[in-house]
Amino acid sequence: MNALEVRRLSVRFPTRLVPALKEVSCGLERGETVVLAGRSGSGKSTLLHTALGYIPEGVPAEVDGEILLGGVPASPGLARRGRRLGLVQQDPEAGLCTLRVRDEVAFGPENLGLSRREIAARVERALSATGLAPLAERATWSLSGGEKQRTALAAALALEPEVLLLDEPTAHLDPQGAQDLLYVLSGQVTDGRGVLLAEHRLGPLQSLRPRVVRLDVDEPIREEFFNTCPAPSGAAAVDARDLRFSYPGGNELLGGLSFAVAPGEVLGVVGPNGSGKSTLLRLLAGLTAPERGTVRVGGRDPAALRPTERRGLVGMVTQMPHHQLFAPTVAQEFSLDEVSADAMDRWLERAQLQALSAEHPLRLSIGERRRLTMALALAGRPRVLLLDEPFIGQDRENAAWVARRISEASRMGVAVVLVSHRLPLLARLAHRVLFLGRRTHLGPTDEVFGELRREGQQVFTPEFWEEQW
Amino acid sequence: MVVRLRARERVVWSVERAQRTTFHPLAKFALLCAHAAAVLSAPGLAAKGALALIPLVIGGKRLARRRAFRAAVTFGGFLFVLQAVVVSGSTVAALGPLTVTAEGLRMGGEMALRFLGVLGGSLLFVATTRPEEFASALSESRLPYRYTYVLVLALRFLPLFRNEYLRVREAQRMRGLRLRPWRLASHVKWTVLPVLASALTRAEGVALAMQARGFGALRRRTTLTETPWTLKDSLIMGLTCLVLALVGWFASGGAAWWP
C-alpha cells in the first residue's frame, strides 16, 4: 500500500491560463525515495504543496483528483496533513520559525499539544537522527546553510511523519552540506520513511536509489555550449594581492590570498559555506574594503570608483535575483542602467523576455529573473563579470542559458569570476579554480580538482556531483 | 537502546530546567513596568539616579557589556549635553558661543536618567529572558498564543530584514543608483519596495512552515520549556504592587518623594 498517492491530480491557478498540473498520478511506498523531475514551472513544488494541503488552503487554486494517505483519502486541512507529511523547503531560512535549534525542533510537537515529556523525547530523537545534538542550544540565525536545512529536517522529523516532502533541499547548500543532508535522508529511508523530493539535479541523489517521476521532458545539456576561449594570458583584468578580511567577532577569511584574472579567463571559486566566496566577490566589486591587501580591477581600486564608473567596469549577478531588480517594468530595468533601446531589444530577445518587457520584474519566474539579471549585467559591457551562484534554483534549460552567456562573455574578453556549487558546470566553464577551504588551492581546473581528490575531499570534485540523467 | 534513550531524555530534562531563569517572565515583566513607572514619575535627580542605577547593579557586567547598553549611555550623554546648552536660564559656564545653564543641566540630567533607567530595565529583562519563554508565559496566562508568538517572529525576522536591506543597497551601488538621504520617495521606490517584496516572500515561506507544523490548529499548545510560578515570583509581584502603590500615592501628592 502506498504511503502517499496522488491520482489524476490537476491544479489550475486563477491567474494562469495553463494548468500547473494536469492529471498527474504517482505513488510512494514507505522506505522508498521518489524524485519529481522537470524544468522550472513543470509543477514539482505545486505537487508537493497540493499533497500537503497548502494548495488550495493557503494559495487559492482549482484542484481536481485524489490524494490518498495510507490508502485512504487524505482529510482536508494543512495542519492535519502536516502530521503525516513533513515538509522541508528549498530556502533554508524559510523553514525556521524560532530563535533556537531546540525550540525549532520542539515547535511542531508543541503545536500538536503533546505532553512535555513526549515533546522532549521527540526533540531528542530528531536531533540525534540529524546529528544536531551538539548544536541544540545554538541560535538559528547563526547556523550555516547546511545546518539550517538539517534543522528544518529535524523539525519535520519531530512530527514523526510517514512521508518527508522536500522541495529542492540541496539548492542553497555547499557540496558538504548537501552530502550531510543526503546522508541523513538515506537513514530515514532505511528506517522505513517515504521520501518525496522535487529536484532539478538527479546526480547528487543517486545514493538514495530514487525512482524518478518526470513531470515533463527535459533536454540534456550539450557540452558545446560551454566552450570558453583558450586559456588566456596578458595583463590582468583583476589583480588581488595579500587579501585578508574578517567580520566582527568572526574568523579571518582569505588568509592573505593573491591571484590575478586575465581578460577572457573564467576563474571558478569553490569552497564550503562561510569560507569567504561571496565576501571575495564583494571585495572585487569594491563594495567592501579589505582589512589588508589591495584589489585592482582594470588597474583601478574598485572601492574608489564612482557608481557610474563601476557599472561600466564591473558587472555583478547576486545569488538572489530579486535583490537586483528595482524598476516597475522589465524594460525600465534596462533604462535604469542607461542601456540603449537597440541593445535592450537585443538582450530581451536573447533572454526570451520580449513578451514580458512590460511586466513587473518580481512577477517573473525565478528562471526569467535570472536571465534578466544576467542580461542587465552583460548589457553594460563590463570588463569584469562577478557571478555569485548564478545556477541556484535554475533548471537545466536555464542553467544552460546562463552557462552559454558565461562562455560568450569569456570569448569576448570579459574576465569572469564564478562562484558556484554546481561543480560539473563550473568545471566545464572555468580555466582555473580557486578552492577556499582549510587549505587554499589555486591552479588549472583539472589540477585543483585532482589535488582535492588526493586530499580526500571528493565531495568538492565535479565527478562526485556529475549529473546522471 | 530504550534505556539509553531514556537516560538522554533525563539529560534533556535537566538541561531544560537548568536553563530556566530565576524568576517567572511575567513577574519580571510586571516589575519592569513598575520600575519604568517609578523612574518616569520620580521627581528630582537623586531619586531618578537611584532608580536608574538599580538595573545596572542587578545586571552588573552582563548588562554593562551589552552593545545596546553602551549605545544607550552614549545617547543619554548626548541628551544631557544637548539640554544643557539649549535650555535657557541662569548661566553656569560659557563655552565659546554656547552657554551652559543650571536649568539645562537639571533638565538634561533628568531626561538622561529617565532614558537610561527605562532602557536599562528593559535591557536587563531582555538579557535574562528568552523570547520563547516570555511568549509561552503569556500564552499560559490565557492570552491567545497566535498573538503572543508575534514577539518571537518579530525577533526572528529582524536579522533577516537587515540582511535583505544590506543586499539590496549593495545591488543599488553596483548598478550606480545613488539615493539622497532626504529623498524619501526614492527610498520607498528603490529600497523599501524591493526589501518588502523579498521579506513577503520569506514571510510566506515561514507561514507555510508554521502551518504545516500545526501552528494555530489547536486552541492551546503545550511547551517544551516549563515556566512554573513559585513563591519567589509571588514575592516579586508583591514588590511590584508596593512600588506601583507608592508611585500612585506620591503622584497624587501623598508626600515628597525624597528626603
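Residues numbered from 1 in each chain as written. Chains lettered and ligands numbered in written order. Predicted model: local features only at pLDDT ≥ 70, side-chain atom pairs only at ≥ 80, totals over all residues. Heavy atoms only, no water.

### A closer look at the overall build of chain B
Next, step 1: When helices and strands are tallied, chain B shows nine helices and two strands.
Next, step 2: For chain B, the N- to C-terminal ordering of α and β elements is α-α-α-α-β-β-α-α-α-α-α.
Next, step 3: Expressed as a percentage of the 259 residues in chain B, the buried residues total 40%.
Next, step 4: Pairs at least 24 apart in sequence give 67% of the contacts found in chain B among residues at least 6 apart. (Helix = DSSP H or I, 4+ residues; strand = E, 2+ residues; numbered from the N terminus. Buried < 20%, exposed > 50% of the residue type's maximum accessible area, 1.4 Å probe, protein only. Contact = heavy atoms within 4.5 Å.)

### Looking at the overall build of chain A
Next, step 1: When helices and strands are counted, chain A shows 15 helices and 18 strands.
Next, step 2: Relative to the 2.2 N^0.38 estimate, which gives 23 Å for 469 residues, the radius of gyration of chain A is 23 Å and therefore close to what a compact globule would have.
Next, step 3: Judged by the C-alpha coordinates and their principal axes, chain A covers about 70 × 50 × 35 Å.
Next, step 4: Every one of the 469 residues in chain A was classed for burial, and the buried ones make up 61%.
Next, step 5: Accessible area of chain A: about 18200 Å², with a carbon and sulfur share of 47%.
Next, step 6: Averaging the positions of the 56 positive and the 57 negative side-chain charges in chain A gives two centres separated by 1 Å. (Rg over C-alpha atoms; globule rule 2.2 N^0.38 Å. Areas by Shrake-Rupley, 256 points an atom, 1.4 Å probe, with all protein chains shown as cover. Lys, Arg positive; Asp, Glu negative; His and termini not counted. Charge placed at Lys NZ, Arg CZ, Asp CG, Glu CD.)

### Focus: the interface of chain A and chain B
Next, step 1: Every contact between the two is made by 63 residues of chain A and, on the other side, 56 residues of chain B.
Next, step 2: For the pair chain A and chain B, the summed buried surface comes to about 5600 Å²; carbon and sulfur atoms form 59% of the total.
Next, step 3: The residue E104 of chain A makes a salt bridge to R213 of chain B at a minimum N-O spacing of 2.5 Å.
Next, step 4: Our enumeration of links across chain A and chain B arrives at 23 residue pairs in polar contact (both at pLDDT 80 or more).
Next, step 5: In terms of residue count, helix 4 (residues 101-111) of chain A provides more of the side of chain A that touches chain B than any other element does, nine residues in total.
Next, step 6: Here the side of chain A that touches chain B is composed, by residue class, of 32 nonpolar, 13 polar and 18 charged. (Buried area = accessible area lost by both parts, 1.4 Å probe. Salt bridge = Lys/Arg side-chain N within 4 Å of Asp/Glu carboxyl O. Polar contact = N/O pair within 3.5 Å; in protein donor to acceptor, adjacent residues only side chain to side chain. Nonpolar A, V, L, I, M, F, W, Y, C, P; charged D, E, K, R; others polar.)

### Concerning the pairing of strand 2 (residues 98-101) of chain B
Consecutive side chains of a regular strand alternate in pointing toward one face of the sheet and then the other.
All names here are of chain B.
Next, step 1: Pairing of strand 1 (residues 91-95) with strand 2 involves four bridges; the strand directions are antiparallel. Note on strand 2: the bridge partner recorded for T91 is T101.
Next, step 2: Linking strand 1 back to strand 2 in an antiparallel pair, the connection comprises two residues, with G96 at a positive phi of about 60 degrees. (Pairing = 2+ DSSP bridges.)

### Considerations on the sheet that holds strand 18 (residues 441-444) of chain A
All names here are of chain A.
Next, step 1: Ordered in space as 14-15-16-12-17-18, the six strands form an open sheet in which the pairing is mixed. Both outer strands of the open sheet, strand 14 (314-317) and strand 18, are each paired with one neighbouring strand and no more. In this sheet, adjacent strand axes meet at a mean angle of 15 degrees when their direction is disregarded.
Next, step 2: Of the pairings in the sheet, the one linking strand 12 (residues 266-270) to strand 16 (residues 415-419) comprises four bridges and is parallel in character. Among the inter-strand pairings, L267 is bridged to a residue of strand 16, identified as V417.
Next, step 3: Strands in contact with helix 8 (residues 277-285) are strand 12, strand 14, strand 15 (384-388), strand 16 and strand 17 (432-435); relative to strand 15, the strand with the most contacts, it is inclined by about 155 degrees.
Next, step 4: The sheet strands contacting helix 12 (residues 366-379) are strand 14 and strand 15, and the helix crosses strand 14 at an angle near 175 degrees. (Axes fitted to C-alpha atoms, helices over the stretch in contact; angles between N-to-C directions.)

### Remarks on the packing of helix 4 (residues 67-86) of chain B against helix 5 (residues 102-128) of chain B
All names here are of chain B.
Next, step 1: Where helix 4 contacts helix 5, the two axes come as close as 7 Å, and the packing angle between them is 165 degrees. Looking at the two axes, helix 4 sits roughly antiparallel to helix 5. Seen from above, helix 4 lies across helix 5 with right-handed handedness. Counting all contacts with helix 4, which are made through A68, F69, A72, V73, F75, G76, L79, F80, Q83 and A84, the residues of helix 5 involved are G104, L105, M107, G108, G109, M111, A112, F115, L116, L119, G120 and L123. (Parallel < 35°, antiparallel > 145°, perpendicular 65-115°, else oblique. Left-handed = near helix turned anticlockwise from the far one by under 90°.)

### What to know about the nonpolar core
Next, step 1: Counting 85 residues, the largest nonpolar core has L153, L185, F334, F391, I406 and L418 of chain A as its most contacted members.
Next, step 2: Residues in contact with L418 of chain A, not counting those within four places in the same chain, are V266, L267, G268, V269, L387, P390, F391, I406, L426 and L429 of chain A. (Core = buried A, V, L, I, M, F, W, Y, C linked by side-chain atoms within 4.5 Å.)

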